[in-house]
Every structure is written in C-alpha cells, then in structure tokens.
Amino acid sequence: MREEFRLLVALQDLDIMIKEVEEKKTSDQLKNMGFQLDGLEELQKARATLAGKIPPALRNRYEKLAGRYRMAIIPVTDDKCLGCFVKLPTSFFSSAYSSELITCENCGRLLFIP
Amino acid sequence: MESKKLASLFQEDLCIFSLRSRKKTSVLQEMVRHLKASGKIADEHFILEMLKNRESLGSTGLGLGVAFPHGRSIAIPDLTVLFARSPSGIDFEALDSEPTKVFFLILAPSEKGAETYLALLSRLTALVQQPETLEKLYEVKNFESLQAVLGSDNG
C-alpha cells in the first residue's frame, strides 16, 4: 500500500473519532460510561499534522469525497464496494495489487482491501 | 445485551492471560500484535495509531483496575473483542491512577455506526461495577474461567 494512502486511511480513522466526540448523543453515552473526552484539541492537532503529510491533490480528493459521503474510503468485501454495493470489475483486482489508489467506478469512493 | 450473548463475543484465541508488556503503549502494541497473529487484522499499523489517538482524547483506563481501549477503523472487518490481563497491573494512566490489571479491547468496523460497539462497551463498563465480578476478572487464568465470569452476569 502506498504511504500516502496509508496516511489517508489513518486520517479517515481520526475523522471518525473526532466526529464521534462532536456528536452529542455518542459523546454523552461515552461520558455516562465514565470516559473523559477532554483531548479533542489534541486530536484536532494530530489531524492537522497528519493532513499536512498528505500530498495536497490527494488530500483535496479525500476532503471532497468526505464532504459528499459519510466515508471517503470504503472497504471492498466479496468483490463489492461497500459504499454503493456495486460489484467491481475483474480488472480492478489486477490493478489493486499494483498498489495504486483504486476508485470505485460507480460511486467514486476510494477503495480499501481489508 | 444478554449475558449469554456477551460471553459469546469472546474467543479463546483472542485472550492474553498474562501480558508481558509493562508500559501503556507497549500493552496496546502487544494486544494489536496478538490480533494480527490470530488473523483478525491484516495491518497492525492502522489499529495501533487509532488506539494511540483514542488515548490522547482521554485515557480509556476508567479505574478499578480496568481499561477499555476502543475505536473504529476501516482496517477492522468485524466487531472484535480481545481480553487481556496483567496480574501485577500496569500504569495505563487510569483515571484513579491505580494500576490496570484487566483490558477489554473493543474494535469495530468504521463503515458501521458507533452503536455497533457502544452497546458492548456499555455492558462491559456496567459489569465491572459489580465488586464480585471485578475480583473474579482480576484472577481469570483461562478461557473457561473468563466465560464463567461473563456468563454468570445477569445484568
């Protein structure tokens, strides 16, 4: 997997975490269980640092997709994009293993092979 | 979540009854490596980074000697729970500053909602509030005794 794609995946994981803390319902649930969520600023700093390591063109592509979908990067399961559930063409698999960034031809999301 | 279902979420190959690590980050590493060795995850890097970020939000060591490292990642295919125990306890920066002896690592796929793991987290955090259960958890040395503790809960 290309390094910038690894960074992008880590960025999405971080975004999901930040979103959970910002969602009142989820953060209230966590606080009720006893978790302290005081480090949101730390997470945002970590996000800025991580985002700064990603080439701008790729980062912009991610941000656009993240604005459009709940997740910009989506796993592939049973040869299907889990975002739009469209079966991927056979050609996808030959190119996937060449460690290039793969995009779902149907929905445009970036694809991740677990 | 019924107690039977709670116990069934744990797997024998996802238990560490005597952690070797003595420091917070290395405990996380040991647990994540165990997940990789068991074939549950393909890439430990993403999970470890996510867990370290989660700890920077606030320690998941809630006190009473128990920690609940948790989070969601695209690198997790299914809801996964790992149980780990440190007989002597380690400094996990717990909220009560006491050593942490029991770890419930809970990981969920990011494409599913937070509710996939919040229900389990809620059940487990409630479970350790029962003093008798907690004492038993400190002492579990094998999968059978862990299953007995989790299965005996009627909460």
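Placed above this text is the structure.
Residues numbered from 1 in each chain as written. Chains lettered and ligands numbered in written order. Predicted model: local features only at pLDDT ≥ 70, side-chain atom pairs only at ≥ 80, totals over all residues. Heavy atoms only, no water.

Undergrad: Even after reading the chapter, I still don't get empty space enclosed by the protein, so can you show me in this structure?
TA: Where empty space is left in the structure can be found by rolling a water-sized probe over the atoms. For the structure on display, the rule yields two cavities of 30 Å³ or more. Of the voids in this model, the largest cavity is the one considered here, and its volume is about 80 Å³. Residue lining of the largest cavity: 13 residues in total, with Met17 and Glu20 of chain A together with Arg54, Gly71 and Tyr117 of chain B positioned closest to the centre. Of all the secondary-structure elements, those providing two or more residues to the lining of the largest cavity are helix 1 (3-22) of chain A together with helix 3 (44-57) and strand 4 (70-73) of chain B. (1 Å grid on protein atoms, 1.4 Å probe; cavity = no way out; pocket = protein on both sides within 12 Å on 5 of 7 lines; lining within 4 Å. Points joined across faces, edges and corners; volume = space filled by probe spheres on them. Helix = DSSP H or I, 4+ residues; strand = E, 2+ residues; numbered from the N terminus.)

Undergrad: Please clarify how the pairing of strand 4 of chain B should be interpreted in this entry.
TA: Side-chain direction in a regular strand flips from residue to residue, so the side chains alternate between the two faces of the sheet. Residues and elements named next belong to chain B. What you see with strand 4 is no split at all: His70 and Arg72 on one side and Gly71 and Ser73 on the other are buried throughout. Bridge count between strand 4 and strand 6 (residues 100-109): four bridges; the pairing is parallel. Of the residues in strand 6, the one forming a bridge with Arg72 is Ala108. (Buried < 20%, exposed > 50% of the residue type's maximum accessible area, 1.4 Å probe, protein only. Pairing = 2+ DSSP bridges.)

Undergrad: So what exactly am I meant to see when it comes to helix 4 (residues 56-68) of chain A here?
TA: Given 3.6 residues to a turn, an α-helix orients residues that are three or four positions apart in the same direction. All names here are of chain A. Across its 13 residues, helix 4 extends 18 Å between first and last C-alpha, which sits within 8% of the 18 Å expected from 1.5 Å per residue. Listed as buried for helix 4 are Leu58, Tyr62 and Leu65. Here the buried residues of helix 4 occupy an arc of 70° about the axis, which is enough to place them on one side. What points out from helix 4, more than 90 degrees from its buried face, is the exposed set Pro56, Ala57, Lys64, Gly67 and Arg68. On its buried side, helix 4 packs onto helix 1, helix 3 (40-52), strand 1 (73-77) and strand 3 (110-112). (Expected span 1.5 Å × (residues − 1). Arc of directions from axis to C-beta. Contact = heavy atoms within 4.5 Å.)

Undergrad: Just checking my understanding: could you explain the layout of surface pockets for this structure?
TA: The volume enclosed by the largest pocket comes to roughly 380 Å³. Ile16, Lys19, Glu23 and Arg70 of chain A together with Arg72 of chain B are the residues nearest the centre of the largest pocket, which is lined by 24 residues in total. Looking at the lining of the largest pocket, the element that brings in the most residues is helix 1 of chain A, giving six residues. Tallied by class, the residues present in the lining of the largest pocket amount to nine nonpolar, five polar and ten charged. A volume near 260 Å³ is recorded for the second largest pocket. Taken together, 13 residues make up the lining of the second largest pocket; nearest its centre are Ala10, Leu50 and Lys53 of chain A together with Glu49 and Asn53 of chain B. (Nonpolar A, V, L, I, M, F, W, Y, C, P; charged D, E, K, R; others polar.)

Undergrad: Sorry if this is basic, but what is going on with the sheet that holds strand 1 of chain A here?
TA: Within a beta sheet, neighbouring strands are joined by backbone hydrogen bonds and run either parallel or antiparallel to one another. Residue and element names in this part refer to chain A. Taken together, three strands build an open sheet; the order of strands is 2-1-3 and the sheet is mixed. Both outer strands of the open sheet, strand 2 (80-81) and strand 3, are each paired with one neighbouring strand and no more. Inspection of the sheet shows strand 1 paired to strand 3 by three bridges, in the parallel sense. Paired with Ile74 across the strands is Leu111, a residue of strand 3.

Undergrad: Honestly, the packing of aromatic side chains in this entry has me stumped. Any pointers?
TA: How two aromatic rings sit relative to each other is given by the distance of their centres and the angle of their planes. Under the counting rule described, the total for this entry stands at seven aromatic pairs over all chains. When the ring of Phe112 of chain A is compared with that of Phe46 of chain B, the centres are 6.0 Å apart and the planes differ by 75°; the resulting orientation is edge-to-face. Placement of Phe112 of chain A in strand 3 and of Phe46 of chain B in helix 3 is noted, with the two residues assigned to different chains. Summarising the aromatic geometry, the rings of Phe10 of chain B and Phe104 of chain B are spaced 5.9 Å apart at their centres and angled 75° between planes, so their arrangement reads as edge-to-face. You can see Phe10 of chain B sitting in the loop between helix 1 (3-8) and strand 1 (15-16) and its partner Phe104 of chain B sitting in strand 6, a full 94 residues away along the chain. Note on Phe10 of chain B: relative accessible area 4%, which makes it buried. Across from the ring centre of Tyr69 of chain A, 3.7 Å away, lies the NZ or CZ of Arg109 of chain A, which sits over that ring. (Phe/Tyr/Trp six-rings, centres within 6.5 Å; stacked < 30°, edge-to-face > 60°. Lys NZ or Arg CZ within 6 Å of the ring centre and 35° of its normal.)

Undergrad: Could you clarify how one ought to interpret the interface of chain A and chain B in this entry?
TA: Where interface size is given, it is often the accessible area lost as the parts come together that is meant. Taken residue by residue, the interface counts 33 residues in chain A and 28 residues in chain B. In total, about 2500 Å² of surface goes out of reach between chain A and chain B, with carbon and sulfur atoms giving 67% of it. Area buried by chain A at its contact with chain B is led by Asp13, Met33 and Phe35 of chain A, which between them contribute 23% of it. In this structure, the connection of chain A to chain B is made through two salt bridges. Summed over the shared surface of chain A and chain B, the result is eight residue pairs in polar contact (both at pLDDT 80 or more). When contributions to the side of chain A that touches chain B are tallied by element, the ones reaching two or more residues are helix 1, helix 2 (24-32), helix 3 and strand 1 of chain A. When residues of the side of chain A that touches chain B are assigned to their parent elements, the largest contribution, ten residues, is made by helix 1 of chain A. Looking at the side of chain A that touches chain B residue by residue, the class counts come to 21 nonpolar, six polar and six charged. (Buried area = accessible area lost by both parts, 1.4 Å probe. Salt bridge = Lys/Arg side-chain N within 4 Å of Asp/Glu carboxyl O. Polar contact = N/O pair within 3.5 Å; in protein donor to acceptor, adjacent residues only side chain to side chain.)

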